[in-house]
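What follows is each chain in one-letter form.
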Amino acid sequence: MKRRLIRKLTNLLALGLSGLATAIGLFFLGAILWTLLRNGTAGVSARLFTQMTPPPGSSGGLLNAIYGSVVMTALGILIGGPIGLLAGTYLAEYGRTSRVSTVIRFVNDVLLSAPSIIIGLFVYEALVVRMGHFSALAGAVALAIIAMPVIVRTTEDMLNLVPQGMKDASTAMGAYQWRTVTSVVYPAARSGILTGLLLAVARISGETAPLLFTALNNQFWSSDVTAPMANLPVVIYQFALSPYPNWQQLAWSGALIITLSILILSIVARVVVSLSQGGRRG
Amino acid sequence: MSTVAAIDPRHAAGQRLRERLFRSATLLAAILVLALLGGVAISLLAGAWPAVAHFKLSFLTREIWNPVTDQFGALAPVYGTLVTSLLALILATPVSLGVAVFLTEIAPVWLKRPVGVAIELLAAVPSIIYGIWGLFVLAPILQRHVQPWLIEWLGPLPFIGRLFQGPPYGIGVLTASFVLAVMVIPFISAVMRDVFETVPDVLKESAYGLGATTWEVIWQVVVPYARTGVIGGIMLGLGRALGETMAVTFVIGNAHRIGSSLLAPGTTISASIASEFAEAVGDLYTSALVALGALLFLITFSVIAAARWMLRRLERRALSSV
């Protein structure tokens with residue numbers, strides 16, 4: 001009887017600790033969000049979105065940084081998206097069982113978890129040194145390299161979900177495989193591919209390390225992609241560690257904006273995929 | 001229309017050409033992914049070469065890091081990288097296991113998805129946000145409430161006491177490990193959750209049938225069955241922790257020395273690169289930082305490769321058993 005009691009108590013204790021562990025995880029998410037809201041909302045005003053980053057001690061906003069982040073993220077997806085989409089298509093359609101695909105899948109998984117600062121160093125060595133100066137383009141390439149493995153992985157997974165029968169039907173009508181892929185498989189996997197792109201945007205829009213020595217930063221407005229460009233993460237990094245209160249306030253507001261955007265994007269991506277899966281099941 | 005396509009030879013030739021073009025384009029993109037990893041390795045080695053040629057093996061064994069006299073050794077950042085990551089794993093693994101157990105075995109169905117998504121969102125929060133949160137919120141709390149306690153109670157102990165001595169700086173190795181632990185929890189628990197779900201219900205039900213408690217089923221059936229995946233998940237978390245940059249840069253103090261105390265400031269490979277690279281003057285300085293990057297690449301590559309290999313093997317087993 002005593003043994004049974006001990007087993008029961010152990011069970012309760014272990015399950016209680018599991019619940020506690022989950023509560024700890026949720027607590028940290030809550031704590032971070034609360035910190036951002038408390039410190040960030042004070043600085044959110046129209047000025048934040050209409051003025052440039054100021055010199056220490058005077059007022060200003062984050063317009064050039066927000067603009068730069070949007071431009072570089074968009075460029076990164078424009079470069080990494082098509083390549084990732086095609087590579088994912090190869091893995092799911094043409095090279096499903098080939099030996100090369102096994103290697104590529106493995107390499108892609110490694111790239112997926114490679115430290116982003118390594119990618120930054122690579123782009124510095126490959127682009128910045130060769131061009132002779134920092135540039136928004138180099139930053140965008142670094143972001144593209146980080147986005148690509150995400151897109152490759154989700155594209156392959158989503159294309160694999162398309163029923164073989166649909167592909168067979170298209171082939172039976174005499175369509176070549178490119179026609180089947182572009183006219184049948186892509187439309188069927190549309191929401192899944194979109195989710196992959198959204199997740200990739202969420203992943204790269206907060207990346208700081210790879211931009212530190214590729215895009216650098218810029219105190220002023222610049223729309224020249226071959227020149228250094230301001231961006232939110234690096235501005236947050238520099239302003240947060242500065243001794244000036246107005247810079248620190250801007251850093252908190254920037255942090256709030258970037259975190260909320262990324263969390264919303266991540267949630268939207270999940271809703272998109274669950275909506276489409278619900279539709280498929282029903 | 002398709003009958004016309006079948007008859008018209010010019011149309012068929014066009015189709016074949018497009019087929020070949022599309023196929024080549026996808027293959028090319030796939031090869032590009034492959035080439036990218038090679039390119040990263042080659043460019044890092046090339047950039048690291050001047051420092052490696054200059055310092056030879058002493059680069060790995062010396063603690064000195066002096067940009068003024070151009071003397072560089074990787075020991076302190078390598079030590080900091082390994083210590084913070086291991087400590088983070090020690091803190092994060094039990095919590096992640098708990099989260100995974102809660103999500104797969106305990107939580108009612110309606111709670112599974114929202115809680116699961118919330119934990120996943122923890123992984124979506126950018127590294128730099130963890131950095132400012134760690135520096136401005138966590139570090140002061142640790143400095144005021146946790147570290148004095150550690151110093152008072154653990155400091156006098158033999159052996160492990162040395163890890164908890166010195167003044168409570170707030171920032172330092174321990175704080176960095178703490179932030180890293182929070183950051184890797186979602187990664188490890190997501191992998192654990194996924195592998196726990198591959199455990200066949202029949203196995204669990206037989207254990208329940210024999211009268212096992214929920215915890216006994218988890219610890220004696222689920223975890224052993226999913227062992228490879230659990231280890232793979234932990235190593236994936238290790239890979240994350242090793243390369244994590246911005247969060248660590250904020251809270252570790254960026255001191256190029258090996259302190260015996262966990263409360264002392266230190267540095268990691270990624271933090272050194274992030275905080276010094278843009279200001280590095282002189283070819284040897286830059287090259288030494290790239291050499292650090294190459295070291296980090298080697299370390300993380302082996303850890304991630306091992307983790308992915310384990311998880312792939314498990315995936316294949318799950319597929320073949322279906």
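Treat the numbers as computed from the prediction; the structure is a model and nothing was measured.

Caption draft 1: Expanded view of the overall build of chain A. Along chain A, the regular secondary structure elements total 12 helices and 0 strands. N-terminal to C-terminal, the α/β element order of chain A is α-α-α-α-α-α-α-α-α-α-α-α. Across its three principal directions, the C-alpha atoms of chain A cover 70 × 70 × 35 Å. A burial count over chain A gives 53% of its 282 residues as buried. Surface accessibility of chain A: about 12,000 Å² in total, with carbon and sulfur atoms responsible for 69%.

Caption draft 2: Spatial organisation of the nonpolar core. The biggest cluster of nonpolar side chains holds 179 residues, and the ones touching the most others in it are Phe-59, Tyr-130, Phe-196 and Ile-273 of chain B. For this core, the element with the highest residue contribution is helix H13 (residues 283-321) of chain B, accounting for 16 residues. Residue contacts for Tyr-130 of chain B: discarding those within four places in its chain leaves Ile-32 of chain A together with Leu-122, Val-125, Val-179, Val-182, Met-183 and Ala-247 of chain B. In terms of nonpolar packing, the next biggest core, distinct from the first, is built from 7 residues, Phe-164, Val-173, Leu-174 and Leu-263 of chain B among them.

Caption draft 3: Examining empty space enclosed by the protein more closely. All names here are of chain B. Inspection of every chain in the model, using the stated rule, returns 6 cavities of 30 Å³ or more. Put simply, the largest cavity is a space of about 70 Å³. What lines the largest cavity is a set of 13 residues, among which Tyr-79, Val-173, Arg-257, Gly-259 and Gly-266 lie closest to the centre. No other element matches the 3 residues that helix H4 (residues 75-106) contributes to the lining of the largest cavity. Counted by class, the lining of the largest cavity contains 6 nonpolar, 6 polar and 1 charged residues.

Caption draft 4: Structural view of the side chain of Ser-96 of chain B. Note that Ser-96 of chain B resides in helix H4. From its side chain, Ser-96 of chain B meets the backbone oxygen of Ala-92 of chain B in a polar contact 2.7 Å long.

Caption draft 5: Structural view of the environment of Phe-250 of chain B. Along the chain, the position of Phe-250 of chain B falls in helix H11 (residues 246-251). Remark: the alpha-carbon pair of Phe-250 of chain B and Ala-271 of chain B, spanning 21 residues in sequence, is separated by 8.4 Å. The residues touching Phe-250 of chain B, leaving out its near neighbours within four places in the chain, are Tyr-237, Ala-240 and Leu-241 of chain A together with Ile-128, Gly-131, Ile-132, Leu-135 and Ile-171 of chain B.

Caption draft 6: Broad picture of the interface of chain B and chain A. At the interface, 83 residues of chain B touch 74 residues of chain A. Between chain B and chain A, a total of about 7,300 Å² is buried, with carbon and sulfur atoms accounting for 78% of that surface. Put simply, chain B and chain A have 11 residue pairs in polar contact (both at pLDDT 80 or more) between them. With 23 residues, the top contributor of residues to the side of chain B that touches chain A is helix H2 (residues 9-55) of chain B. Looking at side-chain class alone, the side of chain B that touches chain A contains 55 nonpolar, 17 polar and 11 charged residues.

Caption draft 7: Just the packing of helix H3 (residues 63-94) of chain A against helix H6 (residues 136-161) of chain A, in detail. Residue and element names in this part refer to chain A. Where H3 meets H6, the axes come as close as 6 Å, and the angle between the chain directions of the two elements is 35°. Where H3 crosses over H6, the handedness of that crossing is right-handed. Taken together, the residues of the contact of H3 with H6 break down into 19 nonpolar, 10 polar and 2 charged.

Caption draft 8: The confidence of the model for chain B, seen in detail. Counting all residues, the mean pLDDT for chain B is 84, and 96% of those residues have values of 70 or more. Both scores are available for the predicted complex, with the pTM at 0.87 and the ipTM at 0.87.

Calculation rules
- Residues numbered from 1 in each chain as written.
- Chains lettered and ligands numbered in written order.
- Predicted model: local features only at pLDDT ≥ 70, side-chain atom pairs only at ≥ 80, totals over all residues.
- Heavy atoms only, no water.
- Helix = DSSP H or I, 4+ residues; strand = E, 2+ residues; numbered from the N terminus.
- Buried < 20%, exposed > 50% of the residue type's maximum accessible area, 1.4 Å probe, protein only.
- Areas by Shrake-Rupley, 256 points an atom, 1.4 Å probe, with all protein chains shown as cover.
- Core = buried A, V, L, I, M, F, W, Y, C linked by side-chain atoms within 4.5 Å.
- Contact = heavy atoms within 4.5 Å.
- 1 Å grid on protein atoms, 1.4 Å probe; cavity = no way out; pocket = protein on both sides within 12 Å on 5 of 7 lines; lining within 4 Å.
- Points joined across faces, edges and corners; volume = space filled by probe spheres on them.
- Nonpolar A, V, L, I, M, F, W, Y, C, P; charged D, E, K, R; others polar.
- Polar contact = N/O pair within 3.5 Å; in protein donor to acceptor, adjacent residues only side chain to side chain.
- Buried area = accessible area lost by both parts, 1.4 Å probe.
- Axes fitted to C-alpha atoms, helices over the stretch in contact; angles between N-to-C directions.
- Left-handed = near helix turned anticlockwise from the far one by under 90°.
- pLDDT = per-residue confidence, 0-100.

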